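# Notes for the structure review
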Amino acid sequence: LPGRALRGYQAGPVAAAAAMVVGRARGDSTAPHAQLWLFSRQSGKDEALAQLLAWLLLRYHRRGGEVVVALPSWRPQGLVARERLRAVLQAPRLATLLASLDLVPQVSGSSVALGRAVVRYASAGPSANVRGLTASLLLVANEAQDIRAERWDSAFAPMAASTGAPTLYLGTPWESTSLLARELRYLSALEQEDGRRRVWRVPWTLVATELPAYGAHVEERMAQLGAGHPFIRTEYCLEELSGQGRLFPLERLALVRGHHAALVGPRSGERYA
């Protein structure tokens, strides 16, 4: 797609995920059942996912199939993701191909369909109703670090139980107790067992080799905040932070706590928050 060409660090994960879906759809029991993408912030993860989904819609428009994409919320994340997929399908070269096949993308609510194939976006929020959805081609957890593991296990994982569809987890690391971190440990262990790649890491240094302006931006942020800042370590270097709190892991607490030697209680006349 001229004007939307994937960079090298995007193309590898997309090709691997596409092969996984095709293999599972053909009944290949040796194909991976799950993969995971770790992309540094604003490096093109969502564009890569949109192009993968567009390709799946085109490939399976006759046979049919369903992709379910879970996100932390419908607004704005789900809405933005749906519009990104629509934009890919409207790219000039692809739009010309679809017209020659007499195919018109159908966008309705949280779904994008092409022929008999459909992508459905769903909120993983605690109050969202996602009953009745089935993933026959692919189940996706996007921004998986912000999806509660218990919500995923109860509401989304069963969507592929009867179909054997593979799962794709995407996100940027934060704390070691997140859904993304859990699946990262599991898939990394499987890699060690059989040598088959399931985890794709795209830290900022890899992005900078193809996009120097991105590297310059990250270096500026590092100079401002420090290389050890939690935001730099997680969002750009793809490091997990320990601690149970999503907002206050141990590393962040250490930055805000300050030093109060031998102070075990409040002092009279002082104010505390």
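Data block above holds the structure.
Residues numbered from 1 in each chain as written. Predicted model: local features only at pLDDT ≥ 70, side-chain atom pairs only at ≥ 80, totals over all residues. Heavy atoms only, no water.

### Structural notes on unusual backbone geometry
In this chain, Arg75 is followed by Pro76 through a cis amide linkage whose omega measures 5°. Note that Pro76 resides in helix 3 (residues 74-89). In the Ramachandran plot, Gln42 falls in the positive-phi region, its phi being about 60° despite a non-glycine side chain. Among the structural elements, Gln42 can be located in the loop between strand 1 (34-39) and helix 2 (45-59). On the basis of relative accessibility, which here comes to 71%, the residue Gln42 falls in the exposed class. A positive phi angle, near 55°, is found at Glu143, a position not held by glycine. Its relative accessible area of 9% is what places Glu143 among the buried residues. (Helix = DSSP H or I, 4+ residues; strand = E, 2+ residues; numbered from the N terminus. Buried < 20%, exposed > 50% of the residue type's maximum accessible area, 1.4 Å probe, protein only.)

### As for helix 3
Here helix 3 has its buried residues at Gly78, Ala81, Arg82, Leu85, Val88 and Leu89. Viewed along the axis of helix 3, the buried residues span an arc of 120°, placing them on a single side of the element. Pointing more than 90 degrees away from the buried face of helix 3 are the exposed residues Arg75 and Pro76. Those residues of helix 3 hidden inside the fold are in contact with helix 2, strand 2 (65-71), helix 4 (92-100), strand 3 (106-108), strand 4 (111-114) and strand 5 (117-123). (Arc of directions from axis to C-beta. Contact = heavy atoms within 4.5 Å.)

### As for the sheet that holds strand 8 (residues 199-202)
Spatial strand order, 3-4-5-2-6-7-1-8: 8 strands in an open sheet with mixed pairing. The open sheet has two edge strands with one neighbour each: strand 3 and strand 8. Recorded for the sheet is a direction-independent mean angle of 15° between the axes of neighbouring strands. Bridge analysis of strand 1 against strand 8 gives 4 bridges, and the strand direction is parallel. The residue of strand 8 that forms the bridge with Trp37 is Trp200. (Pairing = 2+ DSSP bridges. Axes fitted to C-alpha atoms, helices over the stretch in contact; angles between N-to-C directions.)

### A short note on the pairing of strand 1
When you tally the buried positions in strand 1, you get 6 out of 6 residues, the bulk of the element. The side-chain alternation of strand 1 yields two buried faces, one formed by Ala34, Leu36 and Leu38 and the other by Gln35, Trp37 and Phe39. Bridge count for strand 1 against strand 7 (residues 167-171) is 5 bridges, and the pairing is parallel. The residue of strand 7 that forms the bridge with Ala34 is Thr167.

### Description of the pattern of salt bridges
According to the stated counting rule, one finds 14 salt bridges in the structure shown. Linking Glu47 and Arg84 is a salt bridge whose minimum nitrogen-to-oxygen distance equals 3.6 Å. Of this pair, Glu47 sits in helix 2 while Arg84 sits in helix 3, placing them 37 residues apart in sequence. Glu47 gets classed as buried once you look at its relative accessible area, which sits at 14%. (Salt bridge = Lys/Arg side-chain N within 4 Å of Asp/Glu carboxyl O.)

### A short note on the side chain of His61
Secondary-structure assignment places His61 in the loop between helix 2 and strand 2. Overall, the relative accessible area of 10% leaves His61 in the buried class. A distance of 2.6 Å separates a polar atom in the side chain of His61 from the backbone oxygen of Leu58. Those residues within four positions of His61 in sequence are excluded, and the remaining contacts are Leu103, Leu114, Gly115, Arg116 and Ala117. (Polar contact = N/O pair within 3.5 Å; in protein donor to acceptor, adjacent residues only side chain to side chain.)

### What to know about helix 2
Counting along an α-helix, one turn takes 3.6 residues, and residues three or four places apart therefore face a common direction. Compared with the 21 Å implied by 1.5 Å per residue over 15 residues, the 21 Å span of helix 2 between its first and last C-alpha is a close match. In terms of burial, helix 2 is a largely internal element, 11 of the 15 residues being buried. Among all positions of helix 2, only Lys45, Glu47, Ala48, Leu49, Ala50, Gln51, Leu52, Leu53, Ala54, Leu56 and Leu57 are buried. (Expected span 1.5 Å × (residues − 1).)

### Some words on the pairing of strand 4
The side-chain alternation of strand 4 yields two buried faces, one formed by Ser111 and Ala113 and the other by Val112 and Leu114. Across 3 bridges, strand 3 lies against strand 4 in antiparallel orientation. Its bridge partner lying in strand 4, Ser108 is registered against Ser111. Adjacent in sequence and paired antiparallel, strand 3 and strand 4 are bridged by 2 residues, among which Gly109 carries a positive phi angle near 60°. Across 4 bridges, the pairing between strand 4 and strand 5 is antiparallel. Paired with Ser111 across the bridge in strand 5 is Arg120. Remark: 2 residues form the turn of the hairpin made by strand 4 and strand 5, two consecutive strands paired antiparallel; Gly115 in that turn has positive phi of roughly 65°.

Shape descriptors only; they carry no functional weight alone.
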